[in-house]
Each structure stands twice: as structure tokens, then as C-alpha cells.
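Residue strings, one per chain:
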Amino acid sequence: MDYRSLGPTGMMVSPLCLGAMMFGAWGEPDHDESTRIIHRALDAGVNFVDTADIYSRGESEEIVGKALEGRRDEVVLATKFHGPMDVDMGETGNPLNRGNSRRWIVQEVEASLRRLRTDWIDLYQVHRPERETDVEETLAALTDLQRQGKIRAFGCSTFPAADVVEAQWISQRRGLGRFVTEQPPYSILARGIEADLLPTTERYGMGVIPWSPLNGGWLTGRFRTGQDAPDNHRSRMRSSQYDLARPENQAKLEAAEALAVLAEETGVTLVHLALAFVMQHPGVTAPIIGPRTMEQLETQLGAVDVTLSTDVLDRIDEIVPPGVNLARDDAGYAPPSLQDPFLRRRRTA
């Protein structure tokens, strides 16, 4: 397995990153089985593990921490902060128990270190942008944690290109550490970041760790015309992304079926086609795979040995044009200017 540099950090990581979102209440509740899956990935050469405090309200970090006991030095360990920890996503809780403020970062990094059973985090990431907190405050707090040795590097996740540029400028002008990685959504069905974000991260030499390279299951072969969408935590949490009555999801279904035909003609599985596509973008460091079962992990590991020809990549471009998200929700983040109508309307008496 060839390893790749994680941005300017000098850390060499495997071309696949093991995501731990589905370990715990959100997916596999058996901690021992989750540990076996993690160990199998490590034994196969994966040395990059990504989780977040919000995944199963800290349970995912606890599982990862237990699984890495005795193997911590073998792994580049990444986690994230931002989401609420006192309530489930989508619910209203204490606004102090979330966000990108110095107060929350300093508090939550200690909780993550405790759950992960480690003295340091290799990559600490801001899970989403936040309008209420100036990014300079966030960068300053992360820089202090880096100087204290509690984190080795820090990055962002699902930031628009303009926000990435702003953060880089502030880091330079204020003498602060900078975001060295970005973790965006990217798959054959969600190619929006190719237009602006990926050229931006390449310009700043940032590592890119895409999430949902299988588009939340759409590129696993489970979706077929006439079949119901799968019923699981992800589909219940993001029901609109799996509602087959929506025209954009019908477009995804048609594209997924065309890609399945292409994969068969190419002699690879649809899963391998999808993962190899993401890995072959020159701006990508390592896509995140998020298996819930050992079987799912085994179907994904072999993608590192797949290289797609120019002809196959051209065929993919015909099915889903470059820079296009077939479904708006797949962008992973809606800026306040789209969520709050009064940010785009002049107030009248």
C-alpha cells in the first residue's frame, strides 16, 4: 500500500481513512465487534482513523480509544468538534455546549482526549463553519492547543472555498497556525467541490480527506429502481437525501444504475469504482470509508489496488459532469445566506 503525505504535516497516511461514524449507537452497538473491524483495517495497512465527538455522543471516540490501546503509535488519529454534545443533532440544547468558540474548543478537546485515551490528537478539525464565531478566535485557540502539544495539526471540514481562503489569510496576517486539511463531501454523485474548493486546497497545499465517497450508500449497489430506500440511522437522520419521490434523488438513482453497468463492464465492483474515482483526483489525500460491519470493510479495502483508465473516467464524466452535485443536500453545508431569508431581503416597515 502506498502512503501519502497529509498536507504539509509530514505525516504519511494510507490512501484510505477509516471513519468511525458508524461505531456505537449510530451503527454497530457492539464495542467488541467495532474493535475487531478497526483492528482488521489496521492489519490491512490502514493507518489513518477519523472520528468526531458528536458521533454517537462520544461513544465512537470511546470505542476508537479502546481499540487503539497498545497500537496508538501506529495511527494518525483525527477527530472533530463543533456539534452539540448535550442533545441529538437537530434538537435545541445549551448553546454553550457546541460551536467554534475558544471556550468550547478548550473544553471539548479535553473530553476528546479522555475518551480517546491519548495524550495528543494528530489532527483536530472544525466540523462545520459557524457564523457566530470569528474564525480568528477559532484559529487562535487551535494554535494554542498545538503549542501545548495537545494536538499536532488542525484542519476544517465542509468549509466553502471562500471560508478556506479567509482562514488562510488570517493565519498569515496574525501569525497563527493554519488549517492544513479540509474534509469535504465528495463522490461521483457529488462533484461540486471540483469547481472551486479542490483548486483552492491545492493552491494552499492542504490535505483533502473526503467524506461520503459512497454517497451515503448510493454507490454500494443497494439502490435499484422499484426498491425502497434502506432503513438505517443515516437514512432516518437525513431522510430527505433518501426520499425517492424527490426528482434529484431519482437523478442519483439513474446515475448509480448507469455507474453499476460501467463498473461491471470495467470488471470491478461499484464500490471499488466509486472509491478509486475519488482516490485518483490529484488533490485528494485519502477518502474516508465508514463501514458498519466487517463485510462492508472487506468490500472496500481492495479499492486501493484499482486504477481507472482514462476511458472509464471519461465515461464517468458523461454520467455525472465534473463540478456537479446531483442533489443539493449532498453539499453537506448550507450557508446562513440560504437558510435565513432576512439575510437576502431588505427589511420593510
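Residues numbered from 1 in each chain as written. Predicted model: local features only at pLDDT ≥ 70, side-chain atom pairs only at ≥ 80, totals over all residues. Heavy atoms only, no water.

(A) Molecular detail of the sheet that holds strand 5 (residues 76–81). Taken together, eight strands build an open sheet; the order of strands is 9-8-7-6-5-4-3-10 and the sheet is parallel. Two strands in the sheet have a free side with no partner beyond their single neighbour: strand 9 (207–208) and strand 10 (288–289). Bridging between strand 4 (residues 48–50) and strand 5 involves three bridges; their strand directions are parallel. Along strand 5, the bridge assignment pairs Phe48 with Val76. (Pairing = 2+ DSSP bridges. Helix = DSSP H or I, 4+ residues; strand = E, 2+ residues; numbered from the N terminus.)

(B) Layout of helix 8 (residues 247–266). With 20 residues, helix 8 extends 29 Å from end C-alpha to end C-alpha; this agrees with the ideal 28 Å at 1.5 Å per step. Residues Glu248, Asn249, Lys252, Leu253, Ala255, Ala256, Leu259, Ala260, Leu262 and Ala263 constitute the buried set of helix 8. Along its buried surface, helix 8 packs onto helix 9 (270–279) and helix 11 (310–319). Taken from the residues just after helix 8, Gly267 is the one with a positive phi, measuring 85°. (Expected span 1.5 Å × (residues − 1). Buried < 20%, exposed > 50% of the residue type's maximum accessible area, 1.4 Å probe, protein only. Contact = heavy atoms within 4.5 Å.)

(C) Representation of helix 10 (residues 294–301) within the structure. Among the residues of helix 10, Leu297, Gln300 and Leu301 are the ones counted as buried. Taken down its axis, helix 10 places every buried residue within 100° of arc, on the same side. (Arc of directions from axis to C-beta.)

(D) Focus on the pattern of salt bridges. This model, assessed by the stated rule, comprises 18 salt bridges. Notably, a salt bridge pairs Arg191 with Glu194, separated by 3.0 Å at the nearest N-O pair. For Glu194, a relative accessible area of 15% translates into the label buried. The salt bridge partner of Lys252 is Asp330, with a shortest N-O separation of 3.0 Å. (Salt bridge = Lys/Arg side-chain N within 4 Å of Asp/Glu carboxyl O.)

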